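Close look at the chain arrangement
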Amino acid sequence: MLSQFHINAVYVIAAILFILGLKLLSKPKTARTGNLLSALGMLVAIAITLLSKEIVDWTTIIVCLAIGSVIGVLASRLVALTAMPQMVAVFNGLGGGASMLVAWVALFGSADRFVAVAVILSIVIGGVTFAGSGIAWGKLSAVLASKPLLFLGQRFINAALFVVLIVCAVLFVLEPAPTSYYLYAIIGIALMLGILTVLPIGGADMPVVISLLNSYSGLAACAAGLAIDNVILIVSGALVGAAGIILTNIMCKAMNRSLANVLFSGFGAQKSATKVEGQANPITPEDAYLILEAANSVAFVPGYGMAVAQAQHVVHELGTLLETRGTDVTYAIHPVAGRMPGHMNVLLAEANVSYDQLLEMEDINPKMNAIDVAVVIGANDVVNPAAREDDASPIYGMPIINVDAAKTVFVLKRSLASGFSGVDNPLFFNSNTRMLFGDAKQSISALITEFKD
């Protein structure tokens, strides 16, 4: 039987690993190490908890570790990077659901009011996270429409549900029991609020929603830790919750929007952008090659389309070819490019692009008017000048990468279709823009062939 001193000592080690992991996750160069340290911390915490309570033995832990490792390896190999946002949404949902179950089980061991309050917090936050993440997964997977889904009186219904939830929570705390009808009502209302909260949020706000749900999953775990009196669960949940809130705030600032605006405005539902019409200027890979060959500086601006085309490796290859010819090559990263925070960083890191070449929006924009060629690869909303110029646009006020200030802009897209937010892009019709239509990977490969020939 392990003593409480040894258990707490191991918990301290796990907490240190969590903190170090989060610190290392703040920089792309050290993110992988940070992820490994955090995972090791969680493994240590779970193992010592199971052993101290004599729930399982070492053999069972090792078998489960092997099974989980196989599942993890398969997921990392089989899940495409385009599906990474959906997988993160699933992880958030599972975290929220697990916290709900842990909190509910805590009622069978103790029914005092402090535990009841912690249980309610975990179940409500976990339920909202579980159901909301399911809707986020549906929007990201195109199972549900990415546009805001609104209906008459939606906010009043949400407010009414919240009031009923408070009443049921108070009644449950007065007489807590694991089979209380009030508890079942709270679970049902929490799930409904999760669905109704995410449904009215549009596709362009999904990066914010994912980071917010990640924060919720941490807060739900923290409350579950209070319910079962487990220190390391409280610490880890608080760390995840705080990190998620900070990241959510960063995402909101990157979009020049408040969190309340994201959650309650129904993105894209209140405004209608000016219809954009014009004549696009298409270009062939052969002609694009001639312009790139003469360029002294090139900035690649990746978006979700690069992930769909799996073009990150050929983009890096083209960038390397340009560098060997003396061209200054950079990669401009918008904080909400893709469909989750850091999506483009992950893609480019997989292709071994040097971290020193990745420039954030605030770093690349002052230099953009000196860039000879800006190559936009499947990005749309994050380079849309309507965010600066059209006050009727739903994305008006959102900071963008000012690619239109470059001397020449190549836009690699299959068509002139709008982005995930559904807003038309006047960039496509600018006089300095050339549209390289087709699959991004094939287009970049054609450019590489021109350089090699």
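Residues numbered from 1 in each chain as written. Predicted model: local features only at pLDDT ≥ 70, side-chain atom pairs only at ≥ 80, totals over all residues. Heavy atoms only, no water.

1. Considering the sheet that holds strand β1 (residues 297-302)
An order of β3-β2-β1-β4-β5-β6 is seen for the six strands of this open sheet, with the pairing classed as parallel. A strand with exactly one partner marks an edge of an open sheet, and here the two such strands are β3 (358-360) and β6 (433-437). The mean angle between the axes of side-by-side strands here comes to 25°, regardless of whether they run parallel or antiparallel. As judged from the five bridges shared by β1 and strand β4 (residues 373-377), these two strands associate in the parallel manner. Note that in β4 the partner of Val-301 across the bridge is Val-376. Along the sheet face, helix α13 (residues 312-324) touches β1, β2 (328-333) and β4 and points at about 145° away from the line of β2. (Pairing = 2+ DSSP bridges. Helix = DSSP H or I, 4+ residues; strand = E, 2+ residues; numbered from the N terminus. Axes fitted to C-alpha atoms, helices over the stretch in contact; angles between N-to-C directions. Contact = heavy atoms within 4.5 Å.)

2. A look at the pattern of salt bridges
Applying the stated criterion across every chain, the model contains six salt bridges. In this structure, the salt-bridge partner of Arg-325 is Glu-293, at a minimum N-O distance of 3.6 Å. Remark: Glu-293 occurs in helix α11 (residues 285-293) and Arg-325 occurs in the loop between α13 and β2; sequence separation between them is 32 residues. On the basis of relative accessibility, which here comes to 44%, the residue Arg-325 falls in the partly exposed class. We classify Glu-293 as partly exposed; its relative accessible area is 37%. For the salt bridge of Glu-317 with Lys-452, the shortest nitrogen-to-oxygen distance reads 2.9 Å. One end of the pair, Glu-317, is in helix α13; the other, Lys-452, is in helix α17 (residues 440-452), and 135 residues separate them in sequence. Judged by relative accessible area, Lys-452 falls into the exposed class, the value being 55%. Where salt bridges share partners, they join Arg-388, Glu-389 and Asp-404 into one cluster. (Salt bridge = Lys/Arg side-chain N within 4 Å of Asp/Glu carboxyl O. Buried < 20%, exposed > 50% of the residue type's maximum accessible area, 1.4 Å probe, protein only.)

3. Considering the domain arrangement of the chain
Often the size quoted for an interface is simply the accessible area lost on bringing the parts together. The domain architecture assigned to the chain consists of domain 1 (1-78), domain 2 (79-264) and domain 3 (285-452). For domain 2 and domain 3, the distance between their C-alpha centroids amounts to 35 Å. Facing the 20 residues of domain 2 at the interface are 22 residues of domain 3. Across the domain 2 to domain 3 interface the summed buried area is about 1,700 Å²; carbon plus sulfur atoms make up 74%. Of all residues in domain 2, the largest losses of buried area upon contact with domain 3 belong to Leu-81, Thr-82 and Ala-254, amounting jointly to 34% of the total for that side. For the pair domain 2 and domain 3, the interface holds zero salt bridges. Our enumeration of links across domain 2 and domain 3 arrives at zero residue pairs in polar contact (both at pLDDT 80 or more). Of all the secondary structure elements, the ones that give two or more residues to the side of domain 2 that touches domain 3 are α4 (84-106), α5 (113-140), α8 (206-228) and α9 (231-254). (Domains from an automatic or database assignment. Buried area = accessible area lost by both parts, 1.4 Å probe. Polar contact = N/O pair within 3.5 Å; in protein donor to acceptor, adjacent residues only side chain to side chain.)

4. Examining the confidence of the model for the chain
Looking at the chain, the pLDDT average stands at 87 and 95% of residues meet or exceed 70. Note on residues 267-271: pLDDT under 50 across the span, and 19 contacts to partners over four residues away in sequence or across chains. (pLDDT = per-residue confidence, 0-100.)

5. Some points on the packing of aromatic side chains
This structure, assessed with the given rule, holds four aromatic pairs. Centre to centre, the rings of Tyr-289 and Phe-451 are 4.9 Å apart; their planes meet at 90°, and the pair counts as edge-to-face. Of this pair, Tyr-289 sits in helix α11 while Phe-451 sits in helix α17, and the two are 162 residues apart along the sequence. For the pair Tyr-289 and Phe-451, a shared accessibility class is recorded, and that class is buried. (Phe/Tyr/Trp six-rings, centres within 6.5 Å; stacked < 30°, edge-to-face > 60°.)

6. Quick look at the pairing of strand β5 (residues 408-413)
Of all the six residues making up β5, six are buried; the element is thus mostly covered by neighbouring parts of the structure. Going residue by residue along β5, you find Thr-408, Phe-410 and Leu-412 tucked away on one face and Val-409, Val-411 and Lys-413 tucked away on the opposite face as well. Here five bridges tie β4 to β5, and the two strands are oriented parallel to one another. Paired with Val-375 across the bridge in β5 is Phe-410.

7. Comments concerning a nonpolar patch on the surface
A cluster of nonpolar side chains, Phe-162, Val-163, Ile-166, Val-167, Val-170, Leu-171, Leu-174 and Tyr-182, forms an exposed patch at the surface whose accessible area comes to about 700 Å². Of all the elements, helix α6 (residues 154-174) adds the most residues to the nonpolar patch, at seven residues. Inspection of the secondary structure puts Val-167 in helix α6. Overall, Val-167 belongs to the partly exposed group, its relative accessible area being 45%. (Patch = residues over 30% accessible without salt bridge, like charges linked within 9 Å, V, L, I, M, F, W, Y side chains within 5 Å. Areas by Shrake-Rupley, 256 points an atom, 1.4 Å probe, with all protein chains shown as cover.)

8. Some thoughts on the packing of α5 against α8
For the pair α5 and α8, interaxial distance at closest approach is 8 Å and the crossing angle is 155°. On the basis of the axis angle, α5 is roughly antiparallel to α8. Crossing of α5 against α8: the hand is left-handed. For the contact of α5 with α8, a count of residues per class yields 20 nonpolar, six polar and one charged. (Parallel < 35°, antiparallel > 145°, perpendicular 65-115°, else oblique. Left-handed = near helix turned anticlockwise from the far one by under 90°. Nonpolar A, V, L, I, M, F, W, Y, C, P; charged D, E, K, R; others polar.)

9. Observations regarding the nonpolar core
Note that soluble globular proteins tend to have their nonpolar side chains buried in a common cluster. Of all hydrophobic cores here, the largest spans 85 residues; its most connected members are Leu-292, Phe-300, Val-375, Ile-401 and Val-403. Both domains that furnish three or more residues to this core are identified here as domain 2 (79-264) and domain 3 (285-452). Ile-401 has contacts with Val-301, Ala-332, Ile-333, His-334, Met-361, Ile-364, Asn-365, Met-368, Val-382 and Val-383, leaving out every residue within four places of it along the chain. Residues Ala-103, Ile-123, Leu-161 and Leu-165 belong to the second largest nonpolar core, which totals 25 residues. (Core = buried A, V, L, I, M, F, W, Y, C linked by side-chain atoms within 4.5 Å.)

10. What about α6?
If you check α6, its first and last C-alpha atoms are 31 Å apart, about what 21 residues at 1.5 Å a residue would give, namely 30 Å. Regarding α6, the residues found buried are Gln-154, Asn-158, Leu-161, Leu-165, Cys-168, Ala-169, Phe-172 and Val-173. Seen from one end, α6 has its buried residues packed into an arc of 125°, which puts them on one side. Every exposed residue of α6 that faces more than 90 degrees away from the buried side is listed here: Phe-156 and Val-163. (Expected span 1.5 Å × (residues − 1). Arc of directions from axis to C-beta.)

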